[in-house]
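Chain by chain, the residues run as shown.
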Amino acid sequence: MQPSRLAQLCHNPRVRPTSTLPPRASLIENARLVTLAPQHGEHGPRRGERLRDLSIIERGWLVSMDGRIAALGAGEVDAKWNEVVGARRINAHGNVVMPAFIDCHTHACWAGERYDETAMRLAGREYLDILACGGGIISTVRAVRASSTDALAHTLTTHLARMRAKGTGAVEVKSGYGLSEDAELRMLDAITRVAAMDADWMPPIVPTFLGAHAIPSDNEAWPSACIAMLPRVVARFGKLQCDAFCERSAWSPQQCAELFTAARALGMPCSVHVDQFNALGFLSQALALGVRSVAHLEASTAGELAHAAASHAVGIFLPGSGMHLDLRFADARRFIAQGGAPAIATNCNPGSSPFFSMPLIIALATRFLQFTHSESICAATWNAAAALGLETQCGALAQGYRSDCIILPTQDERALAYEYGSAEPETVILGGRVITGSNGLRESLV
Ligand code: NIG
């Protein structure tokens, strides 16, 4: 095909090939496309009715070119694309094709495991009690400090591979198990190294600075040291998201407020773990400080939840923690009914939520958070992307978006929520390349 013909086909500059190499194009056809497509340049998280509109195209097709969605539509594939894609085709046989999930809250970079805590909790010890006694998060801190940056990067890679096999594209990954300047910087080094390794075509890994995850007993002055290191974090890694765990035995509301004031002055977007076990009154304060998301909310009062629902911030619900720890869940139904913008995430970590699967989280959200099927899909894709500021790149199937999509083993997307995490993708395509799938598919596209 002549380059001029190619350029003609690619109206969107973001899908125009950038080199003289032949385009890497492929086609998915005969698909039930759950697009969640934006309307009229829409950005920002969705609320209310918009959460339930999945913009489905029955019997649709989708063309990827050089990692982006070049075109999609209903019915027969436009003839002009046949020439471009050649033999690189997937017949979805009517099954659901939808955007890859966005996991917008994870602690996926860790070392060591915490299997012994299950026995402790069965014996009656609570999560915060284990933390206060130097276990929990602090036991992972000991393991991380003893690990090399290479080892941390390697383990993170294996965790990401497990997430991607379950259909996750973009992933947020927090530091927070270093809790000293050296160890926190090494965690961010490991996370950004993995992010850079993937950079040419894998979906984004979004690093978050979570120095405010706990206070180690060997360093009571850690909060002020952590705040003081923010300029060095920005100088080395850019304006990362800054997160904190506001809770008894972790950071106090006042310490969090000081951190966010300093972070905002440096241009870092902020997010907070708040009201997980105790409502300390920080939720409204965090909103006033301009956080872009508030995560957990299991213990929030009705008044604070209403305040969060009326705010600009995304509420990130993490049902994996309730499932793993204590069967306490946030009142997400109230939040949604009051016009809140919800996202859901795995919260993948070795202590409170050892889960890698977004299909499982979707199933938990419908059972324990009373999300509808459609709301849970939007919360795991578009709204999760919006929580990270990525919704103009991923979280939907639309022209110019990243070609990160999954093919489910079913013709009805409600199976995702209905089954208990077992409606996992048969095929995962990231940046237009098949990551998992039958050998036949892999060979035909790569
Ligand atoms: O969001 N609660 C704080 N952070 C994580 C748990 C981390 C851990 O236990 O290692 C959470 O649940």
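Residues numbered from 1 in each chain as written. Predicted model: local features only at pLDDT ≥ 70, side-chain atom pairs only at ≥ 80, totals over all residues. Heavy atoms only, no water.

A. Inspection of the environment of Ile407 at higher detail. Its place among the elements puts Ile407 in strand 14 (residues 405-407). According to the relative accessible area criterion, Ile407 is buried, its value standing at 4%. Sequence spacing of Ile407 and Gly167 is 240 residues, and the spatial spacing of their C-alpha atoms is 8.8 Å. If we ignore the near neighbours within four places in the chain, the residues touching Ile407 are Ile28, Ile90, Asn95, Val96, Val97, Pro425, Glu426 and Thr427. (Helix = DSSP H or I, 4+ residues; strand = E, 2+ residues; numbered from the N terminus. Buried < 20%, exposed > 50% of the residue type's maximum accessible area, 1.4 Å probe, protein only. Contact = heavy atoms within 4.5 Å.)

B. Summary view of the nonpolar core. In terms of nonpolar packing, the biggest core is built from 127 residues, with Leu259 and Ile344 touching the most fellow members. In terms of residue count, the dominant contributor to this core is helix 7 (residues 181-198) (7 residues). Each of domain 1 (5-100 + 396-445) and domain 2 (102-387) gives at least three residues to this core. Not counting residues up to four positions away in its chain, the partners in contact with Leu259 are Ala212, Cys226, Ile227, Leu230, Cys242, Asp243, Ala244 and Trp251. Counting residues in each nonpolar core, the second largest holds 16 residues, with Ile102, Ala170, Val206 and Ala384 among its members. (Core = buried A, V, L, I, M, F, W, Y, C linked by side-chain atoms within 4.5 Å. Domains from an automatic or database assignment.)

C. Representation of the domain arrangement of the chain. Entries for the chain in the domain assignment read domain 1 (5-100 + 396-445) and domain 2 (102-387). Its C-alpha centre places domain 1 at a distance of 30 Å from the equivalent point of domain 2. Taken together, the 36 residues of domain 1 in the interface contact 42 residues of domain 2. Overall, the association of domain 1 and domain 2 removes approximately 3000 Å² of surface from exposure, summing both partners, and the carbon and sulfur fraction of that is 67%. Area buried by domain 1 at its contact with domain 2 is led by Arg47, Leu51 and Tyr420, which between them contribute 21% of it. The interface formed by domain 1 and domain 2 includes 2 salt bridges. (Buried area = accessible area lost by both parts, 1.4 Å probe. Salt bridge = Lys/Arg side-chain N within 4 Å of Asp/Glu carboxyl O.)

D. Focus on the site of the ligand. The immediate surroundings of the ligand are formed by 16 residues, with Tyr127, Tyr177, Gln276, His296 and Ser352 found nearest. Take Arg114: an N or O atom from its side chain is 2.8 Å from an oxygen atom of the ligand. Within the contact set of the ligand, an oxygen atom lies 3.0 Å away from a side-chain nitrogen or oxygen of Asn347. The protein chains hide 100% of the 330 Å² of surface that the ligand would expose on its own. Its residues assigned to classes, the shell around the ligand shows 4 nonpolar, 11 polar and 1 charged. (Near = heavy atom within 4 Å. Polar contact = N/O pair within 3.5 Å; in protein donor to acceptor, adjacent residues only side chain to side chain. Areas by Shrake-Rupley, 256 points an atom, 1.4 Å probe, with all protein chains shown as cover. Nonpolar A, V, L, I, M, F, W, Y, C, P; charged D, E, K, R; others polar.)

E. Representation of the side chain of Ser64 in the model. Note that Ser64 resides in strand 2 (residues 56-65). Overall, Ser64 belongs to the buried group, its relative accessible area being 4%. Here the side chain of Ser64 touches Ser403 through a polar contact of 2.4 Å, side chain to side chain. Residues in contact with Ser64, not counting those within four places in the same chain, are Arg24, Ala25, Ser26, Ile69, Ala70, Ser403 and Gly432.

F. Examining the environment of Gly339 more closely. For Gly339, the location among the structural elements is in the loop between helix 14 (332-337) and strand 13 (341-344). Once the C-alpha coordinates of Gly339 and His40 are considered, the two residues, 299 residues apart in sequence, prove to be 21 Å apart. Once residues within four sequence positions are removed from consideration, Gly339 is found in contact with Arg47 and Ala309.

G. Focus on unusual backbone geometry. At Ser55, a position not held by glycine, the phi torsion is positive, near 50°. Assignment of secondary structure puts Ser55 in the loop between strand 1 (25-34) and strand 2. In this structure, His296 takes a positive phi of about 95° despite not being glycine. As for its position among the elements, His296 is in strand 11 (residues 293-296). Judged by its relative accessible area of 1%, His296 is buried.

H. Examining the pattern of salt bridges more closely. Under the definition given, this model contains 24 salt bridges. Across the salt bridge formed by Lys166 and Glu424, the nearest N and O atoms sit 2.8 Å from each other. You can see Lys166 sitting in the loop between helix 6 (149-165) and strand 7 (168-174) and its partner Glu424 sitting in the loop between helix 18 (415-418) and strand 15 (427-430), a full 258 residues away along the chain. Exposure remark for Lys166: the relative accessible area of 24% places this residue in the partly exposed category. In the salt-bridge network here, residues are joined through shared partners; they are Glu42, Arg46, Arg50 and Asp53.

I. Spatial organisation of the pairing of strand 7. Of all 7 residues that make up strand 7, 7 are buried, and the element is covered over most of its length. Both strand 6 (residues 101-103) and strand 7 contribute to a ladder of 2 bridges, which runs parallel. Bridged to Phe101 within strand 7 is Thr168. Where strand 7 meets strand 8 (residues 205-212), 4 bridges bridge the pair, whose relative direction is parallel. Within strand 8, the residue paired with Lys174 across the bridge is Thr208. (Pairing = 2+ DSSP bridges.)

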